[in-house]
Amino acid sequence: MEKFSLRIKSLIRTLSSTLQMIGIYTVQHPRARAAVEELYEEFLKIFDRVDELHFGIVGEEIFSGSQIYFDLSSQVKDFINLLKEKEMEFIRFKKGLTSQEIADFLAELSVRKK
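Below: a short report on this structure.

Each value, and the rule that gives it
Residues numbered from 1 in each chain as written. Predicted model: local features only at pLDDT ≥ 70, side-chain atom pairs only at ≥ 80, totals over all residues. Heavy atoms only, no water. Pairing = 2+ DSSP bridges. Helix = DSSP H or I, 4+ residues; strand = E, 2+ residues; numbered from the N terminus. Contact = heavy atoms within 4.5 Å. Polar contact = N/O pair within 3.5 Å; in protein donor to acceptor, adjacent residues only side chain to side chain. Buried < 20%, exposed > 50% of the residue type's maximum accessible area, 1.4 Å probe, protein only. Expected span 1.5 Å × (residues − 1). Arc of directions from axis to C-beta. Salt bridge = Lys/Arg side-chain N within 4 Å of Asp/Glu carboxyl O.

Section: the sheet that holds strand 3 (residues 67-68)
- An order of 3-2-1-4 is seen for the four strands of this open sheet, with the pairing classed as antiparallel. Whereas interior strands pair on both sides, the edge strands pair on one side only; in this sheet they are strand 3 and strand 4 (90-94).
- Relative to strand 3, strand 2 (residues 61-64) is paired through two bridges, and the arrangement is antiparallel. Bridge pairing links Ser64 to Gln67 in strand 3.

Have a look at this one:
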C-alpha cells in the first residue's frame, strides 16, 4: 500500500504542475499537452489498481481515501487554494478517463474568478 500511496502523491504533484502549466501557456500549447499526457499516464497506472480515485480538501490539507498528505499539501498549496476558490472540496476521477477529459477539466479549472 505504501508504494500505491507514493504513486498517488506523484499524481497529485503532476496534477498541480500540469494545472500551473495550462494556466501559463493554455491547454493547446505543446508543453501543456505534453504535461497532460504525462498526467494521463499516471492516471492509467493508478487505474490499474482502482476503478475510482478521490481527492479532497480539509482545511489546508489534501487527502485521498483515508490518507491525508500533510507533507504534500505545502508543495501543492496553489492547487489547494484554487480548489478552495472554486469551492471544490471533493473530486472523483473514474477509470476510463481520457486525456482530452483531463485537458478539458484542467482548462476549465484554470479559469480564475474575476
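Some points on the environment of Glu61
- Within the fold, Glu61 resides in strand 2.
- When the C-alpha positions of Glu61 and Leu72 are compared, they lie 8.3 Å apart, and in sequence the two are 11 residues distant.
- Once residues within four sequence positions are removed from consideration, Glu61 is found in contact with Gly56, Ile68, Tyr69, Phe70, Ser73 and Ile80.
- A distance of 2.8 Å separates the side chain of Glu61 from the side chain of Ser73, its partner in a polar contact.

Observations regarding the side chain of Ser16
- Structurally, the position occupied by Ser16 is in helix 1 (residues 2-25).
- Here Ser16 falls in the buried class, since its relative accessible area comes to 6%.
- What Ser16 contacts, discounting residues up to four positions off in sequence, is Val76 and Phe79.

Description of helix 2 (residues 30-47)
- Taking 1.5 Å of rise per residue, the 18 residues of helix 2 would be expected to cover 26 Å, and the 25 Å separating its terminal C-alpha atoms lies within 8% of that figure.
- All of the buried residues along helix 2 are Ala32, Ala35, Val36, Leu39, Glu42, Phe43, Ile46 and Phe47. Along the axis of helix 2, the buried residues cluster in a sector spanning 135°; they form a single face.
- Where helix 2 is buried, its residues contact helix 1, strand 1 (52-58), strand 4 and helix 5 (99-110).

Here's the deal with the pattern of salt bridges
- Here the structure, examined in full by the defined rule, presents six salt bridges.
- A salt bridge links Lys9 to Asp71; its shortest N-O distance comes to 2.5 Å. Residue Lys9 is found in helix 1, and its partner Asp71 is found in helix 3 (residues 70-73); the two are separated by 62 residues along the sequence.
- Given a relative accessible area of 12%, Lys9 falls into the buried group.
- The class for Asp71 is partly exposed, based on a relative accessible area of 44%.
- Lys84 is the partner of Glu60 in a salt bridge, and the nearest nitrogen-oxygen pair spans 2.6 Å. In this pair, Glu60 is assigned in the loop between strand 1 and strand 2 and Lys84 in helix 4 (residues 77-85), connecting sequence segments 24 residues apart.

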